[in-house]
Amino acid sequence: MSKLRYALYTGCTARESTPELLKSTLAVAKKLDIELVLLDEASCCGASHLQDFDDFLSLVLNARNICYAEKHGLDMVTICNTCQLNTSMTKLRLDENPELKAKVNEKLEEVGLVYQGTSNVRHFLYALIEDYGLNNLRKKVVKPLSELNIAPFYGCHNIRPSELHHHFNRSKENPYNPTSLDELIEALEGNSVDYEHKNKCCGFHVDLQAPKTSNMLTGTAIADALDNNADVMVTPCPLCHLNLDVKQKAAMKTLGRDLPYPMPVLHLPQLIGLALGCTPEELGLKHHVTEVPV
Amino acid sequence: MKVTLKVFRFNAETDYLPHYDTIEMSIDPRDVVLDVLNRIKWEHDGSFTYRRSCRHGICGSCAVKVNGRSTLACKERMVDMIELFGNELTIEPVSKKRVIKDMVVDKADFWKKYETVKPWLEAKIDEHPTMENIIPPEEAEKLEESDYCIQCGCCYYACPVVEVNEEYLGPAAFEKAYRFTADVRDYAKKERLEIVDILGQGVWDCVKCYECAQACPKHIDPIGKITKLHNQIFEEGVAKSNVATRHAVGFKKSIEKHGILDEGHLVAYSEGIGVLKHVPEALEMFKKGKIVMPWNMPKSKNLDEIKKLVKISSTVKF
Ligand code: SF4
Ligand code: SF4
Ligand code: FES
């Protein structure tokens, strides 16, 4: 297999409130000999909120981010579900609408850029599954996770809307019964926990304006994982992570449930890194509010 | 082809708890789910109850859930369900907590919320027109097929916010509001936007989970319409300054300044004085190295480009 290279769109969260996500992504890529070129020029994707305010501005900014991946001649990978949604949705809209693309390019040309539409945009999870391959990953496991019951939490924006997901990924995830994370957990020799809320919403996007809604949704997911004997949860989305990890106590309080034990919530690359033999420091495991016993 | 069905059974008048009937059946894969419901009634138990009327995907009455997926029974082919889920299928009503009998749910809350957005055209209509009232195609296109909604409720019962917030109007009502706010003939645009702009009941409480888009059997994309309502609320100057609207605007301000978000500042800007309630949480995050201090705030490379693009591409003032 020739060396895999991608342009990494980090998003904002991995540079601020979840520094452990960026750290662990880079550590895992190094172990797997995948080259990630950081897109330091990129701006925020708007996180689905700028889009509410100014749709056109959000298209221009997201197109600009993709331009930088195109400049490197690389496909873009994302490490946040919401970044994935906004970036891929922009790409699809521009690729399908030459008029809109021209309008966006008119602005981009003012700063010397042109959006062409040559780079694919995928979440790191699917790049690993589709390009690296789970069988190859299995061969790299040095510390099998067989002792762990792991509850996958998929996060909305990676699997819905499925038309968008299917457009960019070869693994055609069924949003009602997603399997990619489960398969990845099995490849790391962990036990994946099946539970009803694995494909449900954590409520992150209304955390400020409707904290009760957000807490109820987060709390329900954690309680469901607990009731199905999960030792740990894992998510490919740092926003879900913030709700499940940082808001865990508040969410359980709103739900009116006691936590028999705190539920550690790992970022996807942290879980992979553990199985590949990365150290807790390399994976930034001490950055969690709900402690990860290692 | 053989299938094993688990069918939800409950009669609110006589039962304390629901149960599931397990039925093995050999089906023609070309059957739709409604054919199977009919056979359950005709061949298994005559008391089995469900709604259906048009059998053409236009009355919206036959909505049920198959393996958690909302669907119109008369439109959904068994072969597609089997391809998605295998041949063990669970058939349930769209909302278990609203069940009257088996597949039949009480839709009162759905209709009440639907009415809230005034689901009719407010226009001066000539009572004795001499010719047709023609809308140019580009104006009609703005509706984006929102007029195809059949009020089946698939999106509403799939929405997680509806489950935890009784006030929330939900995707079907929003999509209906958009059907009129996008209509050039309608006079009540601002009024409708004011109805959906209220925190708690309105569009700001949508968690953006895309469950409604996934569930809609008419492919109407209710969340897409919700985003359009957000846009219209700003464009029409209806937006009140509150935590949700400042949150949206805060993104632009932050991007303009740093390229990437200043997460701490965004929360403070959105919440105003209410930010104080986040102090304990912020302290915990700080201890774990999850907060970037203002003097360490990272900035995007080539920030000048971003500043310029924000300046020349912004279309909305607030
Ligand atoms: S996207 Fe919004 S309206 Fe649609 S189901 Fe989710 S919360 Fe409900
Ligand atoms: S928007 Fe779609 S799912 Fe919702 S009520 Fe209308 S037709 Fe049904
Ligand atoms: S019977 Fe009318 S929509 Fe199915």
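Residues numbered from 1 in each chain as written. Chains lettered and ligands numbered in written order. Predicted model: local features only at pLDDT ≥ 70, side-chain atom pairs only at ≥ 80, totals over all residues. Heavy atoms only, no water.

## With respect to the overall build of chain A
Heads up, the condition is: To qualify as a helix, a DSSP run of H or I must reach at least 4 residues; to qualify as a strand, a run of E must reach at least 2; elements of each kind are numbered from the N terminus. Note on exposure labels: buried denotes an accessible area under 20% of the residue type's maximum, exposed denotes more than 50%, and partly exposed covers the range between, all computed with a 1.4 Å probe on protein chains only. Only the protein chains shown count as covering a residue, and every accessible area follows the Shrake-Rupley method with a 1.4 Å probe. Neither His nor the chain ends is counted toward charge; the positive residues are Lys and Arg and the negative residues Asp and Glu. Taken as the charge centre is NZ of Lys, CZ of Arg, CG of Asp or CD of Glu, depending on the residue.
Across its full length, chain A holds 14 helices and 8 strands. Referenced to the eigenvectors of the C-alpha coordinate spread, the extents of chain A come out at roughly 55 × 45 × 30 Å. Counting the 294 residues in chain A, one finds 67% classified as buried. Split by element, the accessible area of chain A, about 10,100 Å² in all, is 49% carbon and sulfur. Separation of charge centres in chain A, based on 29 positive and 37 negative side chains, amounts to 3 Å.

## A look at helix α10 (residues 222–235) of chain B
Three or four residues apart is the spacing at which side chains of an α-helix point the same way, because the helix has 3.6 residues per turn. All names here are of chain B. Heads up, the condition is: Take the residue count of a helix, subtract one, and multiply by 1.5 Å to get its expected span.
The end-to-end C-alpha distance of α10 is 20 Å, a good match for the 20 Å that 14 residues give at a rise of 1.5 Å each. Among the 14 residues in α10, 11 count as buried, and that is most of the element. Just beyond α10, the residue with positive phi is glycine 237, at close to 70°.

## Regarding the site of ligand 1
Definition in use: Any residue with a heavy atom positioned within 4 Å of a molecule or strand is treated as near that molecule or strand.
Neighbouring residues of ligand 1: 14 residues in total, closest B:Cys159, B:Tyr168, B:Cys206, B:Cys209 and B:Cys212. For the shell around ligand 1, the secondary-structure elements that each account for two or more residues are α6 (160–164), α9 (211–215) and α10 of chain B.

## Remarks on the domain arrangement of chain B
One frequent convention defines the size of an interface as the accessible area lost when the parts assemble. Put simply, the rule is: An automatic or database domain assignment is the source of the domain bounds shown.
Domain parsing of chain B yields domain 1 (2–105), domain 2 (108–235) and domain 3 (243–313). Between the C-alpha centres of domain 2 of chain B and domain 3 of chain B there is a distance of 32 Å.

## A look at the site of ligand 2
Residue and element names in this part refer to chain B. Heads up, the rule is: Here the nonpolar group is Ala, Val, Leu, Ile, Met, Phe, Trp, Tyr, Cys and Pro; Asp, Glu, Lys and Arg are the charged ones; every other residue, Gly included, is treated as polar.
Taken together, 13 residues sit near ligand 2, with Cys149, Cys152, Gly153, Cys155 and Cys216 positioned nearest. Contributing elements (two or more residues each) for the shell around ligand 2: α5 (154–158) and α7 (171–181). In the shell around ligand 2, the residues fall into 9 nonpolar, 2 polar and 2 charged.

## Some details on the confidence of the model for chain B
Short version of the rule: Scored between 0 and 100, pLDDT is the confidence that the predictor attaches to each residue.
Averaged over all residues, the pLDDT of chain B equals 95, while 100% of them reach at least 70. Among the prediction metrics, the complex's ipTM stands at 0.97, with pTM recorded as 0.96.

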